[in-house]
Amino acid sequence: MKCVKILNLLNFTMIIIPSKSEKTQSTLIDSLRILAWKQHKSNLKVTGPAAYSAYDEFDAEWRKHEIHLMSLAEVQAYIAELGYEEAELLDNRSRYYELKAQLNRNSAA
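Described below are features of the structure shown in this document. Everything quoted here is computed from the prediction, not taken from an experiment.

**Thoughts on the overall build of the chain**
- Broken down by element type, the chain carries five helices and zero strands.
- Sequence-ordered secondary structure for the chain, helices as α and strands as β, is α-α-α-α-α.
- Here the chain holds 109 residues, and the buried ones make up 23% of them.
- Long-range pairs, those at least 24 residues apart, make up 64% of the contacts in the chain with a sequence separation of at least 6.

Below is the structure:
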């Protein structure tokens, strides 16, 4: 950690290449975040611009969630406990980002 602090003081950033398992874990956690965010919006019945302000509240709670302390195996077990398949969550994540990219392209045009 000292190296990180020294490098940051010198305005350098470290390049971090995640392992395959770290990348998988991160992607699965993001998939669950998207699932939870959609449910949160539905519970609050917010859409459009109102959802932006609702996300701040959601994000604060999401950052506290126990999932961030879990290993890949624990995340995978958690997903199974919820009754989901990894492929299902990853497909949902892909569709979410495709839709988001499409909306961004349409608003830029």
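The rest of the description comes next.
**A look at the nonpolar core**
- Membership of the largest hydrophobic core comes to 17 residues, with the highest contact counts inside it found for L32, W37, W62, I67, V75 and I79.
- At the level of elements, α2 (20-44), α3 (49-64), α4 (72-82) and α5 (86-108) are the ones that each hand at least two residues to this core.
- With five residues, the top contributor of residues to this core is α2.
- Filtering out sequence-adjacent residues up to four positions away, L32 remains in contact with W62, I67, V75, Y78, I79, L82 and L89.

Cut-offs applied
- Residues numbered from 1 in each chain as written.
- Predicted model: local features only at pLDDT ≥ 70, side-chain atom pairs only at ≥ 80, totals over all residues.
- Heavy atoms only, no water.
- Helix = DSSP H or I, 4+ residues; strand = E, 2+ residues; numbered from the N terminus.
- Buried < 20%, exposed > 50% of the residue type's maximum accessible area, 1.4 Å probe, protein only.
- Contact = heavy atoms within 4.5 Å.
- Core = buried A, V, L, I, M, F, W, Y, C linked by side-chain atoms within 4.5 Å.

Remember, this is a structural readout, not a statement about activity or role.
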